[in-house]
Amino acid sequence: MSFSIIGTGSALPKTIQTNSDLTAFLDTSHDWILSRTGIEARHICIEESILDIAFTASINALENADINPKHLDLIICPTLGGDTITPSLACLVQEKLGATCPAFDINAACSGFVYGLDVADAYLSRGKPMTILIIAVDAMSKLVDWTDRSTAVLFADGAGAAVVTNGDDLKSIYLSAVGNQHALDIPWAKGNHPGLSEKELPIPYLIMDGPEVYRFAITAICDDLRRVTRDAGIALEDLDLIIPHQANQRIIEGAAKRLKLPMKKFVLRVKNQGNTSAASIPLVLDDLNRHGQLKPGMLIALTAFGGGLTTGACVLTWSK
Ligand SMILES: CC(C)(COP(=O)(O)OP(=O)(O)OC[C@H]1O[C@@H](n2cnc3c(N)ncnc32)[C@H](O)[C@@H]1OP(=O)(O)O)[C@@H](O)C(=O)NCCC(=O)NCCS
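So, how was this worked out
Residues numbered from 1 in each chain as written. Predicted model: local features only at pLDDT ≥ 70, side-chain atom pairs only at ≥ 80, totals over all residues. Heavy atoms only, no water. Helix = DSSP H or I, 4+ residues; strand = E, 2+ residues; numbered from the N terminus. Expected span 1.5 Å × (residues − 1). Buried < 20%, exposed > 50% of the residue type's maximum accessible area, 1.4 Å probe, protein only. Contact = heavy atoms within 4.5 Å. Phe/Tyr/Trp six-rings, centres within 6.5 Å; stacked < 30°, edge-to-face > 60°. Lys NZ or Arg CZ within 6 Å of the ring centre and 35° of its normal. Pairing = 2+ DSSP bridges. Axes fitted to C-alpha atoms, helices over the stretch in contact; angles between N-to-C directions. Near = heavy atom within 4 Å. Polar contact = N/O pair within 3.5 Å; in protein donor to acceptor, adjacent residues only side chain to side chain. Areas by Shrake-Rupley, 256 points an atom, 1.4 Å probe, with all protein chains shown as cover. Nonpolar A, V, L, I, M, F, W, Y, C, P; charged D, E, K, R; others polar. Lys, Arg positive; Asp, Glu negative; His and termini not counted. Salt bridge = Lys/Arg side-chain N within 4 Å of Asp/Glu carboxyl O. Parallel < 35°, antiparallel > 145°, perpendicular 65-115°, else oblique. Left-handed = near helix turned anticlockwise from the far one by under 90°.

Over its 16 residues, helix α3 (residues 50-65) extends 23 Å from the first C-alpha to the last, a length consistent with the 22 Å expected when each residue adds 1.5 Å. When we look at burial in α3, the residues that qualify are Ile50, Leu51, Ile53, Ala54, Phe55, Ala57, Ser58, Ala61, Leu62 and Ala65. Taken together, the buried residues of α3 touch β1 (3-11), α4 (89-97), β6 (131-139), β7 (157-166) and α10 (280-290). Just past α3, the residue Asp66 takes up positive phi, approximately 60°.

What follows is the structure, encoded as structure tokens:
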């Protein structure tokens, strides 16, 4: 069994923060950020809630797919978390859309969209006709420490959605997880039980070993792309486009070099998008779809890596 993507959507918050804007409160520079990451600007949720961007991306995807929200059978929301722990973001999107189907969040950090596709594929494998909305959303601006220049400059906010139904676009998919709290950690507030001492309460912001994640990411992209192309029965060179997780241009260039693939096969949007976590791949997918850059029959690979540590990759044929 497999699925087809019948619609895509995305939303970015209005506020744009350039590298120069960051120098007002961080000891950093436009040149440092650009040369180390390829990022020039990012969108940040100031006026919008996380639900607002999730809803807009969902509506865009449903319109693109020509699907009435009432006809959805499932909503899966890959996210590190919405505006509330409960209700889940997926439930709040369901309510705002006026849908009546089951809805739940999954947390696979930046690999979330590919994890979401795999979960959708598992549901569709039951053989019952279903229409599923996958809405990948993260607001990293609420999770980073804005006094830490080594992490705050990298991340951003956004939402990307896809509507999938029974079909045969998916050629192969692979997920992995290697539990590792040290490389990328976002501790949770532990409550205020009087029995807990101050020092047991974690600082609730993202902490990262950048160079370790950097090395992990390049290896993950290379290993996963080799595996999913082999599983799909094609050569790496047969891929028309590769949509990698948009974390850092140098990571993507490093992987392309190691795979001996030209950079023109890799889609880059990190410049004005930053690292939007789970939303990064569907944001690119929607951009390409809306600009007519995806042609029927194209072979596309998605490849993601992120906190967990998790990875996910797949090969798809574009049929919309
Ligand atoms: C974070 C990252 C850009 C850092 O690049 P790097 O070349 O490895 O830089 P380093 O960490 O070695 O730091 C080099 C120096 O720059 C400094 N620096 C860090 N952030 C800075 C910033 N925003 N502006 C200026 N200087 C900065 C460091 O303090 C360090 O200074 P020092 O040499 O005096 O100690 C890179 O490691 C990376 O992209 N890692 C992957 C992160 C990622 O993608 N995470 C998300 C996964 S989903």
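With respect to the helices, strands and loops of the structure, Asn272 is situated in helix α9 (residues 270-273). Overall, Asn272 belongs to the partly exposed group, its relative accessible area being 46%. It is 5.5 Å that separates the C-alpha atoms of Asn272 and Arg42, two residues lying 230 residues apart in sequence. Filtering out sequence-adjacent residues up to four positions away, Asn272 remains in contact with Ala41, Arg42 and His43.

To continue, consider the packing of aromatic side chains. With the rule as written, the count across this model stands at one aromatic pair. Aromatic pair Phe25 and Trp146: ring centres 6.1 Å apart, planes at 65°, arrangement edge-to-face. Placement of the pair is Phe25 in the loop between α1 (19-22) and α2 (30-37) and Trp146 in the loop between β6 and α6 (149-152), with a sequence separation of 121 residues. For Trp146, a relative accessible area of 22% corresponds to the partly exposed category. Lying across the ring of Phe55, Lys96 places its NZ or CZ 5.0 Å from the centre. Taking the ring centre of Tyr174 as reference, the NZ or CZ of Arg227 above it sits at 3.9 Å.

On to the sheet that holds strand β13 (residues 310-317), then. Strand order in this open sheet of four strands is β8-β13-β12-β11, and the pairing throughout is mixed. Each edge of the open sheet is held by one strand with a lone partner, namely β8 (170-177) and β11 (241-244). For this sheet, the mean inter-axis angle between neighbouring strands, taken without regard to orientation, is 10°. Relative to β13, strand β12 (residues 299-306) runs antiparallel, the two sharing eight bridges.

This part takes up the site of the ligand. Around the ligand, the surrounding shell holds 24 residues, and the nearest of these are Thr28, Arg36, Arg149, Gly210 and Asn248. Within the contact set of the ligand, a nitrogen atom lies 3.0 Å away from a backbone nitrogen or oxygen of Arg149. Here an oxygen atom of the ligand sits 2.7 Å away from a polar atom, N or O, in the side chain of Asn248. Calculation on the ligand without its partners gives an accessible area of 970 Å², and the protein chains cover 71% of this total. Elements represented by at least two residues in the shell around the ligand include exactly α2, α6, α7 (210-232), α8 (249-259) and β12. Each residue belonging to the shell around the ligand can be placed in one class, and the counts come to twelve nonpolar, eight polar and four charged.

The topology assignment puts Arg42 in strand β3 (residues 41-44). Put simply, Arg42 is tucked away with no salt bridge, and the nearest opposite charge, on Asp21, sits 7.0 Å away. Here the side chain of Arg42 touches Val153 through a polar contact of 2.8 Å, landing on its backbone oxygen.

Here we take up the side chain of Thr165. Here Thr165 is to be found in strand β7. A polar contact is formed between the side chain of Thr165 and the backbone oxygen of Met130, at a distance of 2.8 Å. Contact partners of Thr165, with chain neighbours within four places excluded, come to Phe3, Ser4, Ile6, Leu124, Met130 and Thr131.

Moving on: α4. Of the residues making up α4, those classed as buried are Leu89, Ala90, Leu92, Val93, Gln94 and Leu97. The secondary structure elements touched by the buried residues of α4 are α3, β4 (74-78), β5 (103-106) and β6. Once α4 ends, the next one or two residues include Gly98, with phi positive near 75°.

So, on to the packing of α7 against α8. Packing of α7 against α8 brings their axes to within 9 Å, and their N-to-C directions diverge by 45°. By the angle class used here, α7 and α8 are oblique. As α7 packs across α8, the resulting crossing turns out to be right-handed. Contacts from Tyr214, Ala217, Ile218, Thr219, Ile221, Cys222, Leu225 and Arg226 in α7 reach Arg250, Ile251, Gly254, Ala255, Arg258 and Leu259 in α8.

This paragraph deals with the sheet that holds β5. What the five strands build is an open sheet, ordered β1-β7-β6-β4-β5; its pairing is mixed. The strands lining the two open edges of the sheet, one partner per strand, are β1 and β5. Each strand axis lies, on average, 20° off the axis of its neighbour in the sheet, ignoring direction. In the packing of α3 onto the sheet, the strands contacted are β1, β6 and β7, and the crossing angle to β1 comes to about 135°. Along the sheet, helix α5 (residues 112-124) contacts β1, β4, β5, β6 and β7; its crossing angle with β6, the most-contacted strand, is approximately 160°.

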